[in-house]
Amino acid sequence: MTDPVGGAPGKVSPAPSAVAPAAPAMIEVDNLTKDFGLTRAVDRLSFTVGEGEILGFLGPNGAGKTTTMRILTCYTPATSGHARVGGFDIVKQSFQVRRILGYLPENAPLYPDMIVRAYLNFMAEVKGYPGRQRRAIVDEVIEECGLQAVVKRIVRNLSKGYRQRLGLAQALLGNPKVLVLDEPTVGLDPKQIAEIRELIRSMAGRRTVILSTHILPEVSMTCQKVIIINNGRIEAQGTPESLISTVGGANVIFATVQGPAGAIQELLRKVDGVTRVHEERAIAADIRAWRLEAAPGKDPRAAIGEAVVKAGHALLELRSSGLSLEDIFLRVISGQSGQREVA
């Protein structure tokens, strides 16, 4: 049987006095390392998560996110390093850690032949709640996760969205202080993703949440703090806004120009302050949308407009936009940025 309970994230020593300096750290992680034979899956991770904070644990597939979560949820022992959850050591006080957290792995631990309410009653019993409390806490998570319409249905007959809600409900049994969610929206449709995302966002301030994902909108729309991990190492951490401004350091400019593509691309590359030019799409035979990156501290829009007009081309649109979290993620993962810690 899959253990429904697990370990939770911890706070970290080298982390910056991050997002909410006033909030005490609920999770502390210090030099956490995990080796599988000669392969290092987690490489000296250190970070903190404040009480009531939602942390986005961001990285490509195979980056070490799930391994880190399994360590923090007391499933897998670390090779070295330390972590504490709610002040409890994940090795020496793992029972206390498990009592204050809920864990939803990527594949929710559901029993397909059980009825929804019976499943939640069973999980509440496994977690040690006596009969007189069990009904109350089951009713509470059914309401919080919007399961009222399916409580009498068999689990195997639920949609993917409702199965994820049910998995989240079992993690929330007993109102845990810490919630660890591994890819909670994988395989869901856009409507289901929006519903789960809103549910997670509503927990801010009430629970400490670690949300693991490789889906960028998950982080930017849900989390107050971001850690980008790659090859088992933290490459950058901070608020989404601070990562965009500090790691990015550049503006993105969108220009729509009418004229020969090759000539326009060469022209834009020569504009002072422009570092990269990429053709976004062809709008018509001789009209293209271009995406340009500007050097930090530079705003070359006036020079772009002047160059295009002087060359006899038609400038149809020119606008500026900051780098997105996706831009930052790709830049960090591709090694264009060193490790950053941003308050």
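Novice: What am I meant to see in the overall build of the protein chain here?
Specialist: Along its length, the protein chain carries 11 helices and 15 strands. Evaluated residue by residue, the protein chain yields a buried proportion of 50% over its 343 residues. Carbon and sulfur atoms provide 50% of the accessible area of the protein chain, an area that totals close to 15,400 Å².

Novice: Got a minute to help me understand the sheet that holds strand β2 (residues 39-50) in this structure?
Specialist: The pairing of strands in a sheet comes from backbone hydrogen bonds and takes either a parallel or an antiparallel form. What the 4 strands build is an open sheet, ordered β2-β1-β4-β5; its pairing is antiparallel. In this open sheet, the two strands that pair with only one neighbour each are β2 and β5 (88-89). Inspection of the sheet shows strand β1 (residues 25-36) paired to strand β4 (residues 80-85) by 5 bridges, in the antiparallel sense. If you follow D30 over to β4, its bridge partner there is H82. Each of β1, β2 and β4 touches helix α1 (residues 65-72); the most contacted strand, β1, lies at about 115° to it.

Novice: Help me out: how do you make sense of the confidence of the model for the protein chain in this one?
Specialist: For any part of a model where pLDDT is low, the fine detail of the predicted coordinates should not be relied upon. Across the protein chain, the average pLDDT comes to 85, with 87% of residues at 70 or higher. Scored below 50 in pLDDT, residues 338-343 shows 22 contacts in the model against residues more than four places distant or in partner chains.

Novice: Would you mind going over unusual backbone geometry with me for this structure?
Specialist: Excluding glycine, residues mostly carry a negative phi; peptide bonds, for their part, are mostly trans. A positive phi is found at N175, a non-glycine position, where the angle reads about 55°. Relative to the assigned elements, N175 resides in the loop between α5 (160-172) and β7 (178-182). Although it is not a glycine, N231 sits at a positive phi angle of roughly 50°. With respect to the helices and strands, the residue N231 is situated in the loop between β9 (225-230) and β10 (233-238).

Novice: Would you take a moment to explain the packing of helix α3 (residues 116-126) against α5 for this structure?
Specialist: How two helices pack is summed up by the angle between their axes together with the distance between the axes. At their nearest, the axes of α3 and α5 sit 9 Å apart, and the two run at 25° to each other. The angle between α3 and α5 falls in the class roughly parallel. In the crossing of α3 with α5, the sense of the turn from one axis to the other is right-handed. Together, V116, Y119, L120 and M123 of α3 and L166, A169 and Q170 of α5 make up the contact between the two elements.

Novice: In this structure, what is going on with the pattern of salt bridges? I would like to understand it.
Specialist: Any two side chains of opposite charge can pair, given that their charged atoms come close. Applying the stated criterion across every chain, the model contains 18 salt bridges. A salt bridge links R44 to D43; the shortest N-O distance between them is 2.9 Å.

Novice: What am I meant to see in the environment of G174 here?
Specialist: Inspection of the secondary structure assignment puts G174 in the loop between α5 and β7. Residue G174 is classed as partly exposed on the basis of its relative accessible area of 28%. Setting aside chain neighbours within four positions, we find G174 in contact with Y129 and I137.

Novice: Which parts of the structure should I look at to understand helix α10 (residues 301-310)?
Specialist: For an α-helix the count is 3.6 residues per turn, leaving residues at separations of three or four pointing the same way. Those residues of α10 lying buried are I304, G305 and V308. The buried residues of α10 occupy one face: seen down the axis, they fall within an arc of 95°. Exposed residues on α10 whose side chains face more than 90 degrees from its buried face are A302, E306 and K310.

Novice: Please explain helix α4 (residues 131-144) as it appears in this structure.
Specialist: For α4, which comprises 14 residues, the first-to-last C-alpha distance of 21 Å matches the rise-based estimate of 20 Å (1.5 Å per residue) to within 8%. When we look at burial in α4, the residues that qualify are R134, I137, V138, V141 and I142. The buried residues of α4 all sit within an arc of 140° when viewed along its axis, so they share a single face. Exposed residues pointing more than 90 degrees away from the buried face of α4 are listed as R132, R135 and E143. Backbone geometry just after α4 places G146 at a positive phi near 65°.

Novice: Whenever I open this one, the packing of α3 against α4 confuses me. Can you help?
Specialist: Orientation of α3 relative to α4, taken along the N-to-C sense of each, is 125°, at an axis distance of 10 Å. Here α4 runs oblique to α3, going by the angle between their axes. Taken as a pair, α3 and α4 cross one another with a handedness that is right-handed. For the pair formed by α3 and α4, the contact residues are R117, L120, N121, A124 and E125 on the first element and R134, R135, I137, V138, D139, V141 and I142 on the second. Residue composition of the contact of α3 with α4, by class: 6 nonpolar, 1 polar and 5 charged.

Novice: Is there a simple way to think about the environment of V277 in this case?
Specialist: Structurally, the position occupied by V277 is in strand β12 (residues 274-284). Taking the C-alpha atoms as reference points, V277 and F254, separated by 23 residues in sequence, lie 9.8 Å from one another.

Novice: Before we go on, may I ask you to explain the nonpolar core in this structure?
Specialist: Nonpolar side chains in soluble globular proteins tend to be buried together. Among the nonpolar cores identified, the biggest contains 47 residues, and L120, L147, L166, L168, L179, L181 and I228 are the most heavily contacted of them. Those residues within four positions of L168 in sequence are excluded, and the remaining contacts are L104, C145, L179, L181, L199 and M203.

Novice: Please explain the environment of P60 as it appears in this structure.
Specialist: Structurally, the position occupied by P60 is in the loop between β3 (54-58) and α1. For P60, a relative accessible area of 24% puts it in the partly exposed group. Each residue touching P60, except ones within four places of it in the same chain, is listed here: K65, H214, I229, N230, F329 and I333.

Quick notes on the rules
- Residues numbered from 1 in each chain as written.
- Predicted model: local features only at pLDDT ≥ 70, side-chain atom pairs only at ≥ 80, totals over all residues.
- Heavy atoms only, no water.
- Helix = DSSP H or I, 4+ residues; strand = E, 2+ residues; numbered from the N terminus.
- Buried < 20%, exposed > 50% of the residue type's maximum accessible area, 1.4 Å probe, protein only.
- Areas by Shrake-Rupley, 256 points an atom, 1.4 Å probe, with all protein chains shown as cover.
- Pairing = 2+ DSSP bridges.
- Contact = heavy atoms within 4.5 Å.
- Axes fitted to C-alpha atoms, helices over the stretch in contact; angles between N-to-C directions.
- pLDDT = per-residue confidence, 0-100.
- Parallel < 35°, antiparallel > 145°, perpendicular 65-115°, else oblique.
- Left-handed = near helix turned anticlockwise from the far one by under 90°.
- Salt bridge = Lys/Arg side-chain N within 4 Å of Asp/Glu carboxyl O.
- Arc of directions from axis to C-beta.
- Expected span 1.5 Å × (residues − 1).
- Nonpolar A, V, L, I, M, F, W, Y, C, P; charged D, E, K, R; others polar.
- Core = buried A, V, L, I, M, F, W, Y, C linked by side-chain atoms within 4.5 Å.

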